[in-house]
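Residues per chain are reported as follows:
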Amino acid sequence: MAGPWVSNPALLRDVEHAKAAYFTQRAQALIGLGREMKVGRFGHATALLWPTFNRVYAFEAGDLSRLDDLLSWYAEEEQEPVFEIAPLEGHTEVFRALGARGFAPTGTQAVVAGPSAGARPASVPVRWVDRGGIADWAALYIRAYGWDVPDFDNLTQELRAQYEGPHWHLCVGDLEGRPVAMGALWTGRPVAYLANAATLPDYRGRGCQQSVLAARCARASSLGHEFVASDTEPFAASLRNLERAGLRLLCHKARWERRPRS
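Rules of the game
- Starting from 1, residues in each chain are numbered consecutively following that chain's sequence as written.
- Whole-chain, interface and lining totals are the exception, using all residues; otherwise, since this is a predicted model, local features are given only for residues with pLDDT of at least 70 and side-chain atom pairs are given and counted only at 80 or more.
- As a convention, hydrogens and water are excluded, and side-chain values are obtained from all of the structure's heavy atoms.
- Throughout this description, the term salt bridge denotes a Lys or Arg side-chain nitrogen within 4 Å of a carboxyl oxygen of Asp or Glu.
- Runs of E in the DSSP output that reach at least two residues are strands. Runs of H or I that reach at least four are helices, and both are numbered from the N terminus.
- To sort residues, take the accessible area from a 1.4 Å probe on protein chains only and compare it with the maximum for the residue type: under 20% means buried, over 50% means exposed, and anything in between is partly exposed.
- Classification of ring pairs rests on two measures: the distance between centres of Phe, Tyr or Trp rings, Trp counted by its six-membered ring, which must be within 6.5 Å, and the angle between planes, read as stacked under 30 degrees, edge-to-face over 60 and tilted in between.
- Cation placement over rings: the criterion is NZ of Lys or CZ of Arg within 6 Å of the ring centroid and within 35° of the ring normal.
- Every helix has an expected span of 1.5 Å times one less than the residues it contains.
- Any two residues whose heavy atoms approach within 4.5 Å at even a single point are treated as in contact.
- Buried Ala, Val, Leu, Ile, Met, Phe, Trp, Tyr and Cys residues that are joined via side-chain atoms within 4.5 Å together make up what is termed a nonpolar core.

Novice: Hey, could you run me through the pattern of salt bridges in this one?
Specialist: For side chains bearing opposite charge, pairing can occur when the charged atoms are close. Throughout the structure, instances matching the rule amount to 16 salt bridges. As a salt-bridge pair, K19 and E84 come within 4.0 Å of each other at their nearest N and O atoms. Of this pair, K19 sits in helix 1 (residues 9–32) while E84 sits in strand 4 (residues 82–85), and the two are 65 residues apart along the sequence. For the pair K19 and E84, one class covers both residues: buried. Between R206 and E176 there is a salt bridge; the shortest N-O distance is 2.9 Å. With R206 in the loop between strand 9 (192–199) and helix 6 (208–222) and E176 in the loop between strand 7 (168–175) and strand 8 (178–186), the pair connects residues that are 30 residues apart, well separated along the chain.

Below is the structure:
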């Protein structure tokens, strides 16, 4: 049954700004390491110039007067943005404006939210990671996501910089005496965000992610956050895990990208 948070524009807006804020923090950490990245603000919207991940978050109808400025900002770096547009008031105007500038919908993202408090299944022990354990957490992150990277140590260092900032809470699930699952919680906005989580392939389907999810929700509740939120691909296994934990679909966001010029 749908809860009172479903179709709540104020909650959806705060979820969008929470995601923009945590990606901004991550980008600024990489900028501090010398990465050529930028963060821009255009009205309510946050634009990330993060090659291979150029995202625009929290863009609304009230920001349309800044749309051409935003596009010029990317064009100066010979980059193209990807917009994630939530169905807030006036979103059809945003769609029309993007379409007029050569953008088209290329996919959707499921956004879920729910109360942080509540009993949730947790069959796997979960522990929280302090600053000294972030490098190991980051290494587990890379393995769990199955990334084949040429410079493992460098990526581990970059992830450590991104996730050791304020408001991040990192956890690890242990099974058979070894760390096999990881997750992150961001608490820099009123709605706490359930960010990256994954399990090593050989240990999937054994309750690890349900336990990591339960631990993060409980941490958010203990810190005074009434709601938690996350987003994922529609029909993904992670969406089913989130729904089993009591979160409900808040909306589907539309992803808009520029059509290739012929």
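Novice: Mind showing me how you'd approach the packing of aromatic side chains here?
Specialist: Taken as a whole, this structure holds 20 aromatic pairs when the rule is applied. Between F59 and F83, the ring centres sit 5.6 Å apart and the planes meet at 80 degrees, which makes this aromatic pair edge-to-face. Of the two residues, F59 is situated in the loop between strand 3 (55–57) and helix 2 (67–75) and F83 in strand 4; the sequence distance between them amounts to 24 residues. For the pair F59 and F83, one class covers both residues: buried. Summarising the aromatic geometry, the rings of Y141 and W147 are spaced 5.3 Å apart at their centres and angled 50 degrees between planes, so their arrangement reads as tilted. The exposure class of W147 is partly exposed, given its relative accessible area of 37%. Directly above the ring of W128 sits R219, whose terminal nitrogen or CZ lies 4.0 Å from the centroid.

Novice: Would you take a moment to explain helix 5 (residues 152–163) for this structure?
Specialist: Three- or four-residue spacings in an α-helix give side chains the same orientation, since the helix completes a turn every 3.6 residues. Taking 1.5 Å of rise per residue, twelve residues should cover 16 Å, and helix 5 covers 17 Å from first to last C-alpha, within 8% of that figure. Considered for burial, the residues of helix 5 that qualify are L155, T156, E158, L159, A161, Q162 and Y163. Looking at the buried side of helix 5, the elements it contacts are helix 1, helix 4 (134–145), strand 7, strand 8 and strand 9.

Novice: Honestly, the nonpolar core in this entry has me stumped. Any pointers?
Specialist: Counting 51 residues, the largest nonpolar core has V15, W137, Y163, W168 and L170 as its most contacted members. The leading source of residues in this core is helix 1, at nine residues. If near-sequence neighbours (up to four positions away) are discounted, W168 is found in contact with Y22, Q25, R26, Q162, Y163, A184, L185, W186 and A195.

Novice: I tried to follow the environment of T199 on my own but got confused; where do I start?
Specialist: Mapping T199 onto the fold places it in strand 9. According to the relative accessible area criterion, T199 is buried, its value standing at 4%. In this structure the C-alpha to C-alpha distance between T199 and L33, which are 166 residues apart in sequence, comes to 28 Å. Those residues in contact with T199 that lie beyond four places of it in its chain are A144, V180, A181, R204, C208 and Q209.

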